[in-house]
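The residues making up each chain are set out below.
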Amino acid sequence: MKSLTEHLWFNTKNRIEFINMTDKVEYIVKKSDVKEGLVLVNAMHITSSVYINDAESGLINDFQKWLKELVPMGEDYQHNFTGEDNAYAHLMRTVMGREVVVAISNGKLDFGPWEQIYYGEFDGKRKKRVMVKVIGE
Amino acid sequence: MKSLTEHLWFNTKNRIEFINMTDKVEYIVKKSDVKEGLVLVNAMHITSSVYINDAESGLINDFQKWLKELVPMGEDYQHNFTGEDNAYAHLMRTVMGREVVVAISNGKLDFGPWEQIYYGEFDGKRKKRVMVKVIGE
Amino acid sequence: MKSLTEHLWFNTKNRIEFINMTDKVEYIVKKSDVKEGLVLVNAMHITSSVYINDAESGLINDFQKWLKELVPMGEDYQHNFTGEDNAYAHLMRTVMGREVVVAISNGKLDFGPWEQIYYGEFDGKRKKRVMVKVIGE
């Protein structure tokens, strides 16, 4: 069994921002030389997400508007009594998910026609990390 | 390490429809001859889901009613300005999830008493695909 | 390839209760002697969750309050016509997730600074099980 572990770093300009990282994950899969296996891609911070959906800017706006309806940003969250102001970000990341597991077949991400891997930041403007771990043969 | 990759195709009669696919995944696990490992089951389309829950028709109706409350179908989504009418389906699939990873022990899906693997379609009436990837020994 | 399968049992005092199980998963990873691989941690019941987030009691209260807004507990769910009273618990578990997949590097859970693995119970006061499955080398 082969394995490869790499990290991707993000430092977004906006507090909430989604970034397509498909190319970076594909590069790591190629570097691993794994032909058949799985790749785990997960946020290492608990106020950000990794998810798979469309690379379409209108839909990204729709996601962010909808998340602000599901998770009000101004409420009196108990978590914020600790001095934090990002309780909403923990909840939004839960809706969008921590991780994806993607099949590797013939040395490539085995994707449907529109699948793209996104980093979802909910409390940005600072350096945060994503893990990419490949296992297989 | 052994691996096996297969696809399941769905073409639902209704735009929103949930289908139990546990038997089909079990068949692929058996065919793989993997005794100890993992199986990844994921939607290859970004308007459908794979999730694990109960094979109970009342609960399936509850899920669909609840999703329509969380994700209004008639709103002015920006994604729909592109000519699409399925923005809601991208959001519903996010709530229900893209994928499941299931343990294989002794050559079988290692499940609790009520766990069943479902395909969740949110923009159906057309052919769509699910990936099943088994890895292990 | 090595593998190890273990189960954790929970019997919560409250119907809805979240429990930090990071130490127990770490112990199983160590016991497996896997240095590079993945660990799958999943609820085996369809009214409970496994998720990764903060070990902060205020945030745990925020999660539970928010879930009760997203998923009303008193509604006339069709599932409850079967004699059950836990339809809400199936829906809450869907928001929080069934499973996590975590990287193992150098024989340890490969985590960011605040990541903790939680059991999320939504219909407790009875014995329920979580699976921990390690694969790797």
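Residues numbered from 1 in each chain as written. Chains lettered and ligands numbered in written order. Predicted model: local features only at pLDDT ≥ 70, side-chain atom pairs only at ≥ 80, totals over all residues. Heavy atoms only, no water.

Asks: What am I meant to see in the overall build of chain A here?
Replies: Within chain A, the regular secondary structure consists of three helices and eight strands. The secondary structure elements of chain A, listed N-terminal to C-terminal, are β-β-α-β-β-α-α-β-β-β-β. Across the 137 residues in chain A, those meeting the buried criterion constitute 64%. For chain A, the share of sequence-separated contacts (at least 6 apart) that also reach a separation of at least 24 residues comes to 84%. Carbon together with sulfur atoms contributes 46% to the accessible area of chain A, which is approximately 5400 Å² in total. One finds the centroid of the 18 positive side-chain charges in chain A at a distance of 7 Å from the centroid of its 20 negative side-chain charges. (Helix = DSSP H or I, 4+ residues; strand = E, 2+ residues; numbered from the N terminus. Buried < 20%, exposed > 50% of the residue type's maximum accessible area, 1.4 Å probe, protein only. Contact = heavy atoms within 4.5 Å. Areas by Shrake-Rupley, 256 points an atom, 1.4 Å probe, with all protein chains shown as cover. Lys, Arg positive; Asp, Glu negative; His and termini not counted. Charge placed at Lys NZ, Arg CZ, Asp CG, Glu CD.)

Asks: What exactly am I supposed to notice about the side chain of C:Glu99 here?
Replies: Within the secondary structure, C:Glu99 sits in strand E5 (residues 99-105). A polar contact of 2.8 Å, which involves the side chain of C:Glu99, links it to the backbone nitrogen of B:Val101. In this structure the side chain of C:Glu99 is engaged in a polar contact, spanning 2.4 Å, whose partner is the side chain of C:Arg98. Once you skip the residues sitting within four places of it in the chain, C:Glu99 turns out to touch A:Glu99, B:Glu99, B:Val100, B:Val101, C:Leu40, C:Val41, C:Asn42 and C:Val50. (Polar contact = N/O pair within 3.5 Å; in protein donor to acceptor, adjacent residues only side chain to side chain.)

Asks: Just to check I follow, could you spell out the confidence of the model for chain A for this structure?
Replies: Low pLDDT marks regions whose predicted coordinates should not be analysed in detail. The share of residues in chain A with pLDDT of 70 or more is 100%, and the mean pLDDT across the chain is 97. In the model output, the complex is listed with pTM 0.98 alongside ipTM 0.97. (pLDDT = per-residue confidence, 0-100.)

Asks: Any chance you could explain the nonpolar core here in plain terms?
Replies: The tendency in soluble globular proteins is for nonpolar side chains to be buried as a group. Residues A:Phe18, A:Trp66, B:Phe18, B:Trp66, C:Phe18 and C:Trp66 are the most contacted members of the largest nonpolar core, which totals 60 residues. Residue assignment for this core shows that the elements contributing at least two residues are helix H2 (57-70) and helix H3 (87-96) of chain A, helix H2 (57-70) and helix H3 (87-96) of chain B together with helix H2 (57-70) and helix H3 (87-96) of chain C. With sequence-adjacent residues up to four places away left out, C:Phe18 is seen in contact with C:Tyr51, C:Ile60, C:Phe63, C:Gln64, C:Leu67, C:Met96, C:Tyr118, C:Tyr119, C:Gly120, C:Glu121 and C:Phe122. Of all hydrophobic cores here, the second largest spans 24 residues; its members include A:Val29, A:Val50, A:Val100 and A:Val102. (Core = buried A, V, L, I, M, F, W, Y, C linked by side-chain atoms within 4.5 Å.)

Asks: Looking at this structure, how should I read the packing of aromatic side chains?
Replies: Aromatic rings in a pair are described by how distant their centres are and how their planes are angled relative to each other. Applying the stated criterion across every chain, the model contains 18 aromatic pairs over all chains. When the centroid spacing of 5.8 Å and the interplanar angle of 80 degrees are considered together, the rings of B:Phe18 and B:Phe122 count as edge-to-face. Here the residue B:Phe18 occupies a position in strand E2 (residues 17-20), and B:Phe122 occupies one in the loop between strand E7 (116-121) and strand E8 (128-136), the gap between them amounting to 104 residues. Judged by its relative accessible area of 0%, B:Phe122 is buried. By the ring-pair criterion, three or more aromatic residues cluster together here, those being A:Phe18, A:Tyr51, A:Phe63, A:Trp66, A:Tyr118 and A:Phe122. One Lys or Arg, B:Lys127, reaches over the ring of B:Trp9 and ends 4.6 Å from the middle of that ring. (Phe/Tyr/Trp six-rings, centres within 6.5 Å; stacked < 30°, edge-to-face > 60°. Lys NZ or Arg CZ within 6 Å of the ring centre and 35° of its normal.)

Asks: So what exactly am I meant to see when it comes to the relation of the copies chain B and chain C here?
Replies: Once turned by 120 degrees and shifted 0.0 Å along the axis, chain B lies on chain C with an RMSD of 0.0 Å. Both copies are brought into coincidence by an operation consistent with a three-fold rotation axis. The residues that chain B uses at the interface reappear at the interface of chain C in only 15% of cases, marking distinct surfaces. (Least-squares fit on C-alpha atoms with pLDDT ≥ 70 in both.)

Asks: Looking at this structure, how should I read the relation of the copies chain C and chain A?
Replies: Look at the two chain copies: a rotation about an axis and a shift along it is all it takes to match them. With an RMSD of 0.0 Å, the fit of chain C onto chain A corresponds to turning through 120 degrees and sliding 0.0 Å along the axis. A share of only 17% of interface residues in chain C that are also interface residues in chain A marks the association as one of differing surfaces.

Asks: Before we go on, may I ask you to explain unusual backbone geometry in this structure?
Replies: Leaving glycine aside, a negative phi is the common case for residues, and trans is the common case for peptide bonds. Despite not being glycine, B:Asn106 has its phi angle at roughly 55 degrees, a positive value. By the element assignment, B:Asn106 lies in the loop between strand E5 (99-105) and strand E6 (108-109). Even without being glycine, C:Lys125 reaches a positive phi, approximately 65 degrees. The residue C:Lys125 is located in the loop between strand E7 (116-121) and strand E8 (128-136) in this model.

Asks: Looking at this structure, how should I read the packing of H2(B) against H3(B)?
Replies: Between two packed helices, the angle of one axis relative to the other and the distance separating the axes together describe the packing. All names here are of chain B. With their axes 10 Å apart at the nearest point, H2 and H3 run at an angle of 120 degrees to one another. Regarding the angle of H2 to H3, the classification is oblique. When you trace H2 past H3, the crossing you get is right-handed. Together, Phe63, Trp66, Leu67, Lys68 and Leu70 of H2 and Met92, Val95 and Met96 of H3 make up the contact between the two elements. Classifying every residue of the contact of H2 with H3 by side-chain character gives seven nonpolar, no polar and one charged. (Axes fitted to C-alpha atoms, helices over the stretch in contact; angles between N-to-C directions. Parallel < 35°, antiparallel > 145°, perpendicular 65-115°, else oblique. Left-handed = near helix turned anticlockwise from the far one by under 90°. Nonpolar A, V, L, I, M, F, W, Y, C, P; charged D, E, K, R; others polar.)

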